[in-house]
Amino acid sequence: MSFNTLKLLQKQQQNILEIWMKNQLSDDGLREDLISNEDLRGQSEELISALVTNLSKENLEDFNSDSWDPVIEILGGIAITRARQGFSPRETGRFVHSLKEALLEVLQREIQDTKQLFDESMKIIKVMDNLSIVTFETFIKGREEVILRQTDEIAEISTPVIRVWDGILALPIIGTLDSSRTQIVMENLLQEIVETGSSIAILDISGVPAVDSLVAQHLIKTVSATRLMGAECIISGIRPEIAQTVVHLGIDLSNIITKASLASALAYAFKVLRLEVRKSSLVNKANNL
């Protein structure tokens, strides 16, 4: 890029910003529900300022140059923010693409020589294409961070340890039980056993769609870990199809207490702890009134 073109872009910075803002505000996909026009203008102004300031003849052919760091840092921050805010990849890509359109429009207006216009435009296109790649890479990284955080939060929510009675814990499991989730289940259950001093833990698998050999091994590991903490573990929610699958696979659960329902497991836990639940006479009298 010639020195004159660089000076031109610096001189036309405000004009480029206005054209860019016009392109973005006229886009049918503008997400005013996710970002205000003021914030959009602030992001645009910050990026175009960094781009025009750091653009030089030397770094046009070397996108790995340290001189690009300020631009990449700003653009990366915008991409990650948009990933967290819920923008789509296309909407984020349009942010950079509309800047390229604004830059090319200014060059077309100001440069009369056809060959020079073509050469300078190709250089701008190359720069903006590289920035688009940076945008998508950073956006994907930000989206992955969001997904991982949401996965962890869902895993925590889907494995709650409930204190159903003094000395009795229940952990209803919903969904597939894999290695990572088994680790969360064990950690939550063992921590709760320590904090409450409970002696019985009920693992309810009514919400587990299917039990194969791998799921069974995860359950056995959880039971073993619970016993090491001095508590007895009961598995409830054994449906007929699960029982048939376990037998068909030859999985040995003979040394583990299993019950068909959570109610049955709770009744067994009461029996072990020598607890008895009965209606009071006051309730019986009220029912007879």
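All values derive from a computational prediction rather than experimental measurement.

Undergrad: Help me get a handle on the overall build of the chain, residues and values and all.
TA: Looking only at helices and strands, the chain features 11 helices and five strands. For 289 residues, the compact-globule estimate of 2.2 N^0.38 gives 19 Å, and the chain exceeds it by more than 25% at 32 Å. A principal-axis box enclosing the C-alpha atoms of the chain has dimensions of 95 × 55 × 35 Å. Pairs at least 24 residues apart make up 73% of the contacts formed inside the chain by residues separated by at least 6 positions.

Undergrad: Kindly report on the sheet that holds strand E5 (residues 257–259), identifying the contributing residues and their values.
TA: An order of E1-E2-E3-E4-E5 is seen for the five strands of this open sheet, with the pairing classed as mixed. Here the strands that pair on one side only, and so sit at the sheet edges, are strand E1 (162–165) and E5. Sheet twist, expressed as the average angle between the axes of neighbouring strands with direction ignored, equals 30°. The strands touched by helix H7 (residues 179–196) within the sheet are E1, strand E2 (168–174) and strand E3 (200–207), with E2 carrying the most contacts at an inclination of about 165°. Lying on the sheet, helix H8 (residues 213–228) is in contact with E3 and strand E4 (232–236); it crosses E4 at an angle near 150°.

Undergrad: Explain the pattern of salt bridges to me, and be specific about the residues and the numbers.
TA: Enumeration over the complete set of coordinates arrives at 13 salt bridges. Across the pair glutamate 105 and arginine 109 runs a salt bridge whose closest N-O atoms are separated by 2.6 Å. With a gap of four residues between them, glutamate 105 and arginine 109 both fall in helix H5 (residues 89–110), about one helical turn apart. On the basis of relative accessible area, glutamate 105 is assigned to the partly exposed category, the value being 27%.

Undergrad: Describe helix H10 (residues 262–272), naming the residues involved and giving the relevant values.
TA: Along H10, the residues that are buried comprise Ala265, Ala269 and Phe270. Buried residues of H10, viewed axially, fall in a sector of 140°; they line one side. In this structure, H10 carries Ala263 and Lys271 as exposed residues pointing more than 90 degrees from its buried face. Elements in contact with the buried residues of H10: E1, E2, E3, E4 and E5. Where H10 terminates, the next one or two residues include arginine 274, which has phi positive at roughly 60°.

Undergrad: Give a detailed account of the pairing of E1, specifying residues and quantitative values.
TA: Pairing analysis gives three bridges linking E1 to E2, with the strands arranged antiparallel. Bridge pairing in E2 places isoleucine 162 opposite alanine 170. The antiparallel pairing of E1 with E2 creates a hairpin that spans two residues between the two strands, and glycine 167 there sits at a positive phi of about 85°.

Undergrad: So what's going on with the side chain of threonine 92? Which residues, and what values?
TA: In this fold, threonine 92 is placed in helix H5. Setting aside residues up to four positions removed in sequence, threonine 92 forms contacts with Arg82, Phe87, Thr135 and Phe139.

Undergrad: Help me get a handle on the confidence of the model for the chain, residues and values and all.
TA: Summary statistics for the chain give a mean pLDDT of 85 and a share of 93% for residues scoring 70 or more. When the elements of the chain are averaged for pLDDT, helix H11 (residues 281–288) gives the smallest value, 57, and E4 the largest, 92.

Undergrad: Account for the environment of leucine 75, with residues named and values stated.
TA: Note that leucine 75 resides in helix H4 (residues 69–85). Along the backbone, leucine 75 and alanine 201 are 126 residues apart, and their C-alpha atoms lie at a distance of 51 Å. In contact with leucine 75, other than residues within four places in its own chain, are Leu47, Phe95, Val96, Leu131 and Thr135.

Undergrad: Now, about the packing of H7 against H8: what can you tell me, with residues and values included?
TA: For the pair H7 and H8, the least separation of the axes is 10 Å and the interaxial angle reads 20°. Judged by the angle between their axes, H7 and H8 are roughly parallel. The two elements H7 and H8 meet at a crossing, and its hand is right-handed. Taken together, the residues of H8 that come into contact with H7 (itself represented by Ser179, Thr182, Val185, Met186, Leu189, Leu190 and Ile193) are His218, Lys221, Thr222, Ala225 and Thr226.

About the criteria used
Residues numbered from 1 in each chain as written. Predicted model: local features only at pLDDT ≥ 70, side-chain atom pairs only at ≥ 80, totals over all residues. Heavy atoms only, no water. Helix = DSSP H or I, 4+ residues; strand = E, 2+ residues; numbered from the N terminus. Rg over C-alpha atoms; globule rule 2.2 N^0.38 Å. Contact = heavy atoms within 4.5 Å. Pairing = 2+ DSSP bridges. Axes fitted to C-alpha atoms, helices over the stretch in contact; angles between N-to-C directions. Salt bridge = Lys/Arg side-chain N within 4 Å of Asp/Glu carboxyl O. Buried < 20%, exposed > 50% of the residue type's maximum accessible area, 1.4 Å probe, protein only. Arc of directions from axis to C-beta. pLDDT = per-residue confidence, 0-100. Parallel < 35°, antiparallel > 145°, perpendicular 65-115°, else oblique. Left-handed = near helix turned anticlockwise from the far one by under 90°.

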